[in-house]
Amino acid sequence: MDYETASARTNSIRRFYKNLFIFAIFAVLLIPDDIFGEHIVQFRLFDRYTILGIWAFIILVKATKLFLFDSEWERNMIEKELRKEKKRIDY
């Protein structure tokens, strides 16, 4: 892995953890509001759990992209496709 790829991956991981931390803060603020029954925070358009669910899904997609389909996976897939092409040419 070259320096540019490593730097970009490090920045992506840092942004992911930052987003996860902000999500956790909002979840901690919104969920007890419903438990204690005070309803200090109210949304007119969406329910708070809908917003947290959509946000959690987006974070899950980012985590999958960041940790499962990283540059190593991409390089392996490119090499695999190149081997397929090579086998087709060689009769």
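About the criteria used
- Residues numbered from 1 in each chain as written.
- Predicted model: local features only at pLDDT ≥ 70, side-chain atom pairs only at ≥ 80, totals over all residues.
- Heavy atoms only, no water.
- Helix = DSSP H or I, 4+ residues; strand = E, 2+ residues; numbered from the N terminus.
- Buried < 20%, exposed > 50% of the residue type's maximum accessible area, 1.4 Å probe, protein only.
- Contact = heavy atoms within 4.5 Å.
- Areas by Shrake-Rupley, 256 points an atom, 1.4 Å probe, with all protein chains shown as cover.
- Phe/Tyr/Trp six-rings, centres within 6.5 Å; stacked < 30°, edge-to-face > 60°.
- Expected span 1.5 Å × (residues − 1).
- Arc of directions from axis to C-beta.
- Patch = residues over 30% accessible without salt bridge, like charges linked within 9 Å, V, L, I, M, F, W, Y side chains within 5 Å.
- Salt bridge = Lys/Arg side-chain N within 4 Å of Asp/Glu carboxyl O.
- Core = buried A, V, L, I, M, F, W, Y, C linked by side-chain atoms within 4.5 Å.

Caption draft 1: Up close: the overall build of the protein. Scanning the protein for helices and strands turns up three helices and zero strands. Its helices and strands in sequence order give the protein the pattern α-α-α, from N to C terminus. Across the 91 residues in the protein, those meeting the buried criterion constitute 12%. Taking the contacts inside the protein whose residues are at least 6 apart along the sequence as the reference set, 60% of them involve residues at least 24 apart. Just so you have it, the protein exposes about 7,900 Å², and 65% of that area is on carbon and sulfur atoms.

Caption draft 2: Inspection of the packing of aromatic side chains at higher detail. Tallying each qualifying case throughout the model produces four aromatic pairs. Aromatic pair Phe 16 and Phe 67: ring centres 5.6 Å apart, planes at 80°, arrangement edge-to-face. Placement of the pair is Phe 16 in helix H1 (residues 3–35) and Phe 67 in helix H2 (residues 48–68), with a sequence separation of 51 residues. Centre to centre, the rings of Phe 26 and Trp 55 are 5.4 Å apart; their planes meet at 55°, and the pair counts as tilted. Placement of the pair is Phe 26 in helix H1 and Trp 55 in helix H2, with a sequence separation of 29 residues. Look at Phe 26 and you get partly exposed, because its relative accessible area is 41%. Counting every residue linked through ring pairs, the aromatic cluster contains Phe 16, Tyr 17 and Phe 67.

Caption draft 3: Structural detail: H2. The terminal C-alpha atoms of H2 lie 29 Å apart, and with 21 residues this matches the ideal 30 Å at 1.5 Å per residue to within 8%. Buried within H2 are the following residues: Arg 48, Leu 52, Ile 59, Ala 63 and Leu 66. Down the axis of H2, the sector holding all buried residues measures 70°, keeping them to one side. Structural note: H2 exposes Phe 57, Leu 60, Lys 65 and Leu 68 on the side pointing more than 90 degrees away from its buried face.

Caption draft 4: Main features of a nonpolar patch on the surface. Where nonpolar side chains cluster on the molecular surface, the patch consists of Phe 21, Ile 22, Ile 25, Phe 26 and Leu 29 and spans about 480 Å² of accessible area. Examined against the element boundaries, Leu 29 turns out to sit in helix H1. Take Leu 29: its relative accessible area is 56%, and that puts it in the exposed class.

Caption draft 5: Quick look at the nonpolar core. Among the nonpolar cores identified, the biggest contains eight residues, and these are Phe 16, Phe 23, Ala 27, Leu 30, Leu 52, Ile 59, Ala 63 and Leu 66. For this core, the secondary-structure elements that each account for two or more residues are H1 and H2. Not counting residues up to four positions away in its chain, the partners in contact with Leu 66 are Arg 9, Ser 12, Ile 13 and Phe 16.

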